[in-house]
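Overview (structure and organization)
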Amino acid sequence: MSTAAPPQKAPPPRGRTGARLSDGAFALLLTAPGIALFAAIIFYPLLSALITGFFRQDLRLPGREFVGLDNFAYWLNGDLFTILEQTLLFTVGATLAPFAIGFALALALNTGIKGSGFLRGVFLFPWVIPGVVVSFLWMWIFNANYGVLNGVLVQAGIIEESVAWLGRPGTAMLAVIVTKTWASFPWMMVMLLAGLQTVPRELHEAASMDGAGAVRRFFAVTWPQVRGVASIVLLLEFIWNFQHFDTIYVLTGGGPAGTTETFATAVYQTAFSGFDIGRATALGGLWMVLLLLLVVVYLRITERKGDA
């Protein structure tokens with residue numbers, strides 16, 4: 001008498017595993033390369049720099065010594081507030097001046113004047129030039145011996161002799177702000193012009209029919225419509241100028257007598273001229289805290305604009 005063989009289970013399909021990844025694990029697997037890259041090029045250097053701020057470390061000597069908060073106390077009891085004041089002076093000047101010029105040009109181009117497309121391209125020229133090239137160009141313009149600015153002013157009888165614009169404490173910061181303004185106003189002009197072109201013309205026509213003049217139409221119609229764009233443009237430019245380096249370093253290097261020294265130049269000079277990497281990273285940490293506050297303000301403004 002023969003017995004039937006017990007039924008065998010069918011083998012699982014090839015290429016499939018017994019367990020399935022959850023949605024969270026699958027998402028983590030997809031983002032793991034990006035997270036690893038972020039940690040390698042941003043998080044680890046940042047953490048290493050912050051830790052270095054608690055050590056006395058000289059680039060010319062091996063090893064380092066733990067000093068706690070001494071590096072931070074050095075700046076808090078020293079030049080920190082002078083550097084902050086000069087950084088804010090540069091930042092405010094290099095933000096408001098190009099904003100005023102860019103807004104005026106945007107208003108003019110928005111009227112549809114003849115050749116507005118060509119003028120828009122011409123005005124963009126300073127913005128596409130690299131910052132170092134712009135700095136060297138204006139260094140030649142401000143040169144005390146053969147600079148174009150001195151030549152024009154002397155010929156016009158405004159000044160009697162050449163002025164060392166970049167060598168005087170009273171004019172060096174102004175020269176740096178002028179240089180940065182020339183390089184920045186095209187970007188602000190384009191952004192503000194884009195905002196102006198979203199304002200419905202029907203609102204202007206209705207205000208004109210009510211007897212509103214150009215100034216009243218600007219404050220009653222134009223400005224409320226572009227205020228959100230203008231605030232974001234101003235805040236972004238403020239943040240960028242707060243960490244700006246190349247123009248100041250090329251033109252003055254933080255001089256004369258430290259009157260144009262900002263956070264960017266102070267960190268560089270402390271690390272690579274003074275070779276004190278500990279104090280440089282401590283100043284960088286304080287600088288980062290201030291930048292984070294500005295970023296928080298920017299995020300709050302963008303959130304409100306998105307909710308509106």
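Coordinates for the structure precede this section.
From a predicted model like this one, the values you see are computed outputs, not experimental measurements. (Residues numbered from 1 in each chain as written. Predicted model: local features only at pLDDT ≥ 70, side-chain atom pairs only at ≥ 80, totals over all residues. Heavy atoms only, no water.)

1. Points about the overall build of the protein
Counting its secondary structure elements, the protein contains 13 helices and two strands. Taking the principal axes of the C-alpha coordinates as reference, the protein spans close to 130 × 70 × 35 Å. Within the span of the protein, comprising 308 residues, buried residues form 34% of the whole. In the protein, the share of contacts with a sequence separation of at least 24, taken over all contacts with a separation of at least 6, comes to 68%. As presented, the protein carries roughly 19100 Å² of accessible surface, and 66% of it is formed by carbon and sulfur atoms. Positive and negative charge centroids in the protein, built from 19 and 17 side chains respectively, lie 14 Å apart. (Helix = DSSP H or I, 4+ residues; strand = E, 2+ residues; numbered from the N terminus. Buried < 20%, exposed > 50% of the residue type's maximum accessible area, 1.4 Å probe, protein only. Contact = heavy atoms within 4.5 Å. Areas by Shrake-Rupley, 256 points an atom, 1.4 Å probe, with all protein chains shown as cover. Lys, Arg positive; Asp, Glu negative; His and termini not counted. Charge placed at Lys NZ, Arg CZ, Asp CG, Glu CD.)

2. Let's talk about the environment of Phe263
Inspection of the secondary structure assignment puts Phe263 in helix H12 (residues 263-272). On the basis of relative accessibility, which here comes to 0%, the residue Phe263 falls in the buried class. Apart from the residues within four sequence positions on either side, Phe263 is in contact with Leu80, Ile83, Leu84, Thr87, Phe242, Leu283, Trp287 and Leu290.

3. A look at a nonpolar patch on the surface
On the surface, a nonpolar cluster with roughly 670 Å² of combined accessible area is contributed by Leu37, Phe38, Ile41, Ile42, Phe43, Leu47 and Ile51. Following the sequence through the fold, Leu37 ends up in helix H1 (residues 23-52). Taking relative accessible area as the criterion, Leu37 reaches 53% and is therefore assigned exposed. (Patch = residues over 30% accessible without salt bridge, like charges linked within 9 Å, V, L, I, M, F, W, Y side chains within 5 Å. Salt bridge = Lys/Arg side-chain N within 4 Å of Asp/Glu carboxyl O.)

4. Considering the environment of Leu149
Along the chain, Leu149 turns up in helix H7 (residues 148-155). For the pair Leu149 and Leu124, spaced 25 residues apart in the sequence, the C-alpha separation amounts to 22 Å. When near neighbours in sequence (up to four residues on either side) are disregarded, Leu149 contacts Ile141, Phe142 and Trp165.

5. Remarks on the packing of aromatic side chains
All told, the structure shown has 18 aromatic pairs when counted by the stated rule. Arranged with centres 5.2 Å apart and planes meeting at 50°, the rings of Phe54 and Phe72 form a pair that is tilted. Of the two residues, Phe54 is situated in the loop between H1 and strand S1 (55-56) and Phe72 in helix H2 (residues 70-76); the sequence distance between them amounts to 18 residues. Residue classification places Phe72 among the buried residues on the basis of a relative accessible area of 17%. Each ring, one from Phe103 and one from Phe218, has its centre 5.8 Å from the other, and the planes form 55°; the classification is tilted. Placement of Phe103 in helix H3 (residues 80-110) and of Phe218 in helix H10 (residues 214-242) is noted, with a sequence separation of 115 residues between them. One aromatic cluster is present, formed by Phe99, Phe103, Phe218, Phe219 and Trp223 through successive ring pairs. Here the guanidinium or amino end of Arg64 rests over the ring plane of Phe55, the centre of that ring lying 4.1 Å away. A cation over a ring is seen here: Arg279 above Tyr74, with NZ or CZ 3.7 Å from the ring centre. (Phe/Tyr/Trp six-rings, centres within 6.5 Å; stacked < 30°, edge-to-face > 60°. Lys NZ or Arg CZ within 6 Å of the ring centre and 35° of its normal.)

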